[in-house]
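Architecture and fold: a report
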Amino acid sequence: MTDNITPNQDTAPVQEPAKGAVVLEVRDLSVDFGVDKKWVPAAIGLNYEVRAGEVLAIVGESGSGKSASSMALLGLLPSNSRVSGSVRLSGKELLGANAANIREVRGKDVAVIFQEPMTALNPVYTVGAQIVETVRLHNEVSPDQARERALRMLELVELPDPEKAFKSYPHQLSGGQRQRAMIAQSLSCDPKLLIADEPTTALDVTVQAEILDLIRNLRNKLDSAIVLITHDMGVVADLADRIAVMRRGLIVETGTAEQVFRNPRHEYTQALLAAVPHLGQGGADQGAEVDVTAALAAAAHAELESVDHDDLVRRERENAAALAAAAAERPQGEPVLELTDVAIEYPKQGRVPAFRAVEGANLVIYPGQVVGLVGESGSGKTTIGRAAVGLLPVAAGTMRVVGQDISAAKKNGKQLHQVRRHIGMVFQDPSSSLNPRLPIGESIGEPMFLAGEAKGSGLQKRIEALLDQVELPRSYRNRYPHELSGGQKQRVGIARALSLKPKLMVADEPTSALDVSVQAKVLELFQNLQKDLGFACLFVTHDLAVVDVLADRICVMQRGRIVEQGSRDQILRNPQEPYTQRLLAAVPLPDPEKQRERRELRAQLLASGVE
Amino acid sequence: MIQYILRRLLQIIPVFIGTTLLVYFMVFALPGDPIRALFGDRPPSEAVIAQLRQQYNLDQPFWVQYGLFLKNLFTFNLGVDFTGQPIAATLGRIFPVTVMLAVEALIIQTVFGVTFGLIAGLRKGKVFDATVLIASLVVIAIPTFVLGFVLQLLVGVQLGWAKPTVGATADWGNLILPATVLGLVSFAYVLRLTRASVIENMNADYVRTATAKGLSRPRVVVTHILRNSMIPVITYLGASLGGLMGGAIVTESIFNVPGVGQKLFQAVIRSEGPTVVAIVSVLVLVFVIANLLVDLLYAWLDPRIRYEN
């Protein structure tokens, strides 16, 4: 890898910002959107500045205006928008500049990394062609020189095979590789300012950790100013020097990362930090906080520079003691879900051969138990959830659900029909899992009606009772899904899943589409319901912190296999498998100091790792 | 890739046998006697009829007739039609004309459809968009023969800008009117398809990326929006080519174009099995190959559906 990424052909007349010089200065920036002939404010009077080599994180939940205000910097908003105020890039005013000047700035002085690397790269051109396009647009270079430079950029972002990545189309790369390619394109003209709009949100945690490492390295190397837009406090803690917290178009708090995390002044910031699920913190009744760093350090026999040796030893010892003290599980009753050496296949379709998504899975859930199934995308966790409901056939082994062996059950047969009455399912996307043309009362009542459990006024009473349980007003039952917020829709989804009083609940990433503060409330509701009603639950998620809040047992999946399972204490305090350790180490902590320890530990784990 | 093309070409065989069999059977099952019909009101002697029947294999059962047809086909001997003309010569005369007509119509509908569709899509909701949308609806609503006669009268006869009829010698110039009429209906569909596709792609993330890179608007439109928007349009164009080739009967009669449509119509009226089946066979081939080309073009346009095995 080379440190000098500026090609010598680049004349670069723009004065290089001195270290620490203000690169971006935003004064009184307001953004409005025209909706139904009215101006609706998205951002109001924002003031901030970013210096060279500094990362400013703009944090907020959906609708806070964090993205809209940042897109306004480059004039990337749709035409129904209005922007006022002042945006100065190294002293040069950007707002109101003419189109040609703005184009000159875009991609050259200011580059953007978008959230969804799959859709942000054009699917019909190779990665190389897209980077070359950018390079040649802003530099007078020959195609060969542009190609050279594109290859060097792909090397800089640590893609394993730059030549191959250059010739690949976006869909041929993995999510992390695509985001690296996107970053390579953004950096190809040495921008003074990099705007990263949720750069890791669509990625798995281990990939997210790698991309964050990459951005940190590049920041040190290139000395660009970075504006990081995110909702994830862990990402902020990992990367940010300074933080601006946004809510409803206003910046409610700014400060250094230390200040904001240690001593948040605004109540919204405090609420936001409190809502972030914190791996190791556990649920309300799960006792002491687990020191995951210490657990990992013990497992990896690591020495950390950032932590005093004696202190670490003490922490490791406390952790071991807590594990020994943890109550052993006492399973009671007949298992609700039991998988023995199960393999699950997606059946072959035409010329596409059958795909075996899960192999050799063993898993038992006893009544009243919550089992968290954790894994990254493609690990097969959702597949197990779907097979448990009989939506996918079992290719080998036996799967028993509420006492019945459904491994050989016929698709849509009578047996499955019966078994499904005892299973409730909550889906990931609350918007698309509710029928948009049915009032939510009907969505909730449909399972009971179809099962012949209740009808007429009896049904109405049950619907009302369910709405009470999920803490929605009864009057909502005549509303349609689009009239509800995401969190409310997911409550409806839970009510529907509960309507037949299931013995087993299969929840497939039920909170991953929600904002943290909403997620916290939905998780709390879910926990209370589970305690009251005592259903067993298979909770599928990619988010270890969420599982930590809810689950009694944790199963870790990788590439179609359950690599490790055990009680929450066993997994968090004493992870055995290298993959589990890496997964735990990759979850960013919403605390800059602890995250620094964790990062060092992760580096050591990776260095000592066999894989 | 080569494997894919070979597989697709092999698929032509069952399609070909199926369609020819079907068409042959339908002609066979037509009521009336084609030989007697040939002579009109003056019935010839039974001996002449019997001799003609034997000459055209009409005295054989259906399967034998079909078998003989296939055998002749593979020995490139298409035989003669009921007027004694070699069918191969007829095909050689009519197909170039129709291909010319279809290609001209295809060019007209593509160039105008894509251009207007692109502009309308980019200016969604503006005056141009609304005007074009209404105009295209009108074009779709008017039957082809009305459109044909109106254009013939207006442009061909009164204004004299183009030849109102084609006649025996068709060329690119005098085919312009029938090609326009033929292309107009598909033009409306191409326009609407392009417009919808452009509107969808205009708001795609990669278009925002392209803008954020600093590309000028025209370059964003041409290299990023237009190319991605062509994918559904190409599919439609491929399918419409078959229609342009075989379904131009009305247009060909209005403008007196000596092409496939007219000949096919006459042959059906006269129950000339061999001629009908020969023409249809060629059309089937054209259709299948056009579809193959579309699929290959599709893969070129959209790398996500490259055919790999």
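Residues numbered from 1 in each chain as written. Chains lettered and ligands numbered in written order. Predicted model: local features only at pLDDT ≥ 70, side-chain atom pairs only at ≥ 80, totals over all residues.

Before going further, it helps to examine the overall build of chain B. Across its full length, chain B holds 13 helices and zero strands. In chain B, the succession of α and β elements from N to C terminus is α-α-α-α-α-α-α-α-α-α-α-α-α. Once the C-alpha set of chain B is aligned to its principal axes, its extents read approximately 85 × 60 × 30 Å. Sequence separation of 24 or more characterises 75% of the internal contacts of chain B that already satisfy a separation of 6 or more. (Helix = DSSP H or I, 4+ residues; strand = E, 2+ residues; numbered from the N terminus. Contact = placed C-beta atoms within 7 Å.)

Quick look at the overall build of chain A now. Along chain A, the regular secondary structure elements total 23 helices and 20 strands. Here the C-alpha atoms of chain A give a radius of gyration of 26 Å, agreeing with the 25 Å that 2.2 N^0.38 yields for 611 residues. Its C-alpha atoms give chain A principal-axis dimensions of roughly 75 × 60 × 55 Å. Counting every position in chain A, which comprises 611 residues, the buried fraction comes to 50%. Put simply, 70% of the contacts in chain A that link residues at least 6 apart link residues at least 24 apart. (Rg over C-alpha atoms; globule rule 2.2 N^0.38 Å. Buried ≥ 20, exposed ≤ 12 C-beta atoms within 10 Å, placed from the backbone.)

Here the focus is the nonpolar core. The biggest cluster of nonpolar side chains holds 243 residues, and the ones touching the most others in it are Ala57, Leu193, Leu228, Leu296, Leu504, Leu538 and Phe539 of chain A. Beyond its immediate chain neighbours, meaning those up to four positions away, Leu296 of chain A contacts Gln581, Leu584, Ala585, Leu601 and Leu605 of chain A. (Core = buried A, V, L, I, M, F, W, Y, C linked by C-beta atoms within 7 Å.)

As a further point, take the interface of chain B and chain A. Taken together, the contact pairs 18 residues of chain B with 21 residues of chain A. Of all elements in the fold, only helix 9 (205-212) and helix 10 (217-246) of chain B reach the threshold of two or more residues within the side of chain B that touches chain A.

Right, let's get into the environment of Asn478 of chain A. The topology assignment puts Asn478 of chain A in the loop between helix 17 (456-469) and helix 18 (486-498). As for Asn478 of chain A and Leu438 of chain A, which are separated by 40 residues in sequence, their C-alpha atoms are 8.8 Å apart.

The next point concerns unusual backbone geometry. All names here are of chain A. Positive phi values are uncommon outside glycine, yet Glu198 reaches one of about 50 degrees. The residue Glu198 is located in the loop between strand 7 (193-197) and helix 8 (205-222) in this model. On the neighbour-count criterion, Glu198 (18 C-beta atoms within 10 Å) is partly exposed. Notably, Arg248 is not glycine yet its phi reads approximately 50 degrees, a positive angle. Tracing the backbone shows Arg248 in the loop between strand 9 (242-247) and strand 10 (250-256).

This brings us to the packing of helix 5 (residues 143-156) of chain A against helix 7 (residues 175-187) of chain A. Residue and element names in this part refer to chain A. Put simply, helix 5 and helix 7 touch, their axes get as near as 9 Å, and they point 125 degrees apart. Comparing the axis directions of helix 5 and helix 7 gives the class oblique. Of the two elements, helix 5 crosses helix 7, and the hand of that crossing is right-handed. Taken together, the residues of helix 7 that come into contact with helix 5 (itself represented by Met153, Leu154 and Leu156) are Ala181, Ala184 and Leu187. Residues that form the contact of helix 5 with helix 7 fall into these classes: six nonpolar, no polar and no charged. (Axes fitted to C-alpha atoms, helices over the stretch in contact; angles between N-to-C directions. Parallel < 35°, antiparallel > 145°, perpendicular 65-115°, else oblique. Left-handed = near helix turned anticlockwise from the far one by under 90°. Nonpolar A, V, L, I, M, F, W, Y, C, P; charged D, E, K, R; others polar.)

Residues and elements named next belong to chain A. Here four strands make up an open sheet; going across it, the order is 12-11-14-15 and the pairing antiparallel. Two strands close off the open sheet at either side, each with one partner strand: strand 12 (355-365) and strand 15 (404-405). Bridge count between strand 14 (residues 394-401) and strand 15: two bridges; the pairing is antiparallel. Bridge pairing links Arg400 to Asp405 in strand 15. (Pairing = 2+ DSSP bridges.)

Another point: the environment of Glu163 of chain A. As for its position among the elements, Glu163 of chain A is in helix 6 (residues 162-167). Sequence separation of Glu163 of chain A and Arg152 of chain A is 11 residues, and the distance between their C-alpha atoms is 9.7 Å.

So, about the pairing of strand 8 (residues 225-230) of chain A. All names here are of chain A. In terms of burial, strand 8 is a largely internal element, six of the six residues being buried. Residues Ala225, Val227 and Ile229 line one face of strand 8 and the alternating positions Ile226, Leu228 and Thr230 line the opposite face, and both faces are buried. Bridge analysis of strand 3 (residues 55-59) against strand 8 gives five bridges, and the strand direction is parallel. For Val59, the partnering residue across the bridge sits in strand 8 and is Thr230. Pairing of strand 7 with strand 8 involves five bridges; the strand directions are parallel. Bridge pairing in strand 8 links Ala196 to Leu228.

Extensive coverage of helix 9 of chain B is indicated by the burial of seven of its eight residues. Restricting attention to buried positions, one finds in helix 9 of chain B the residues Tyr206, Val207, Arg208, Thr209, Ala210, Thr211 and Ala212 of chain B. Those residues of helix 9 of chain B that are buried lie in contact with strand 6 (110-113) and helix 3 (117-120) of chain A together with helix 8 (176-202) and helix 10 of chain B. Looking one or two places after helix 9 of chain B, you find Gly214 of chain B, whose phi comes out positive at around 105 degrees.

Residue and element names in this part refer to chain B. Their axes nearest at 8 Å, the elements helix 12 (residues 260-269) and helix 13 (residues 273-301) cross at an angle of 145 degrees. Note that helix 12 runs across helix 13; the crossing there is left-handed. Where helix 12 approaches helix 13, its residues Val260, Lys263, Leu264, Ala267 and Val268 are matched on the opposing element by Thr275, Val276 and Ile279. Residue composition of the contact of helix 12 with helix 13, by class: six nonpolar, one polar and one charged.

Here we take up the sheet that holds strand 19 (residues 553-558) of chain A. Strand-to-strand pairing in sheets goes through backbone hydrogen bonds, with the strands running parallel or antiparallel. All names here are of chain A. Ordered by their spatial adjacency, six strands build an open sheet running 16-17-18-13-19-20, and the pairing between neighbours is mixed. Looking at which strands have only one partner, the edges of the open sheet turn out to be strand 16 (423-426) and strand 20 (561-567). Along the sheet, successive strands turn relative to each other by an average axial angle of 15 degrees, direction set aside. Contacting strand 16 and strand 17 (504-508), helix 18 crosses the sheet at an angle of about 170 degrees to strand 16.

This part covers the confidence of the model for chain A. Counting all residues, the mean pLDDT for chain A is 84, and 93% of those residues have values of 70 or more. Note on residues 1-17 of chain A: pLDDT is under 50 here. Beyond four places in sequence and across chains, it has 21 contacts. (pLDDT = per-residue confidence, 0-100.)

Residues and elements named next belong to chain A. Neither face of strand 6 is left uncovered, since the one carrying Val110 and Val112 and the one carrying Ala111 and Ile113 both have all their residues buried. Two elements, strand 6 and strand 7, share four bridges in a ladder whose sense is parallel. Bridge assignment links Ala111 to a residue of strand 7, and that residue is Leu194.

Tracing the chain through its elements places His138 of chain A in helix 4 (residues 127-138). A tally of 21 C-beta atoms within 10 Å means that His138 of chain A is categorised as buried. Distance in space between the C-alpha atoms of His138 of chain A and Ser188 of chain A is 9.7 Å, their sequence separation being 50 residues. Sequence-distant contacts of His138 of chain A, that is, excluding residues within four places in its chain, are made with Gly107, Lys108 and Cys189 of chain A together with Gly214 of chain B.

Let us now look at the confidence of the model for chain B. Close inspection of predicted coordinates is inappropriate for parts of the model with low pLDDT. Residue and element names in this part refer to chain B. Scored by pLDDT, chain B has a mean of 82; 96% of the residues are at 70 or more. Highest mean pLDDT in chain B belongs to helix 9 (90); lowest belongs to helix 2 (residues 34-38) (68). Overall fold confidence (pTM) sits at 0.78, and the ipTM for the predicted complex is 0.76.

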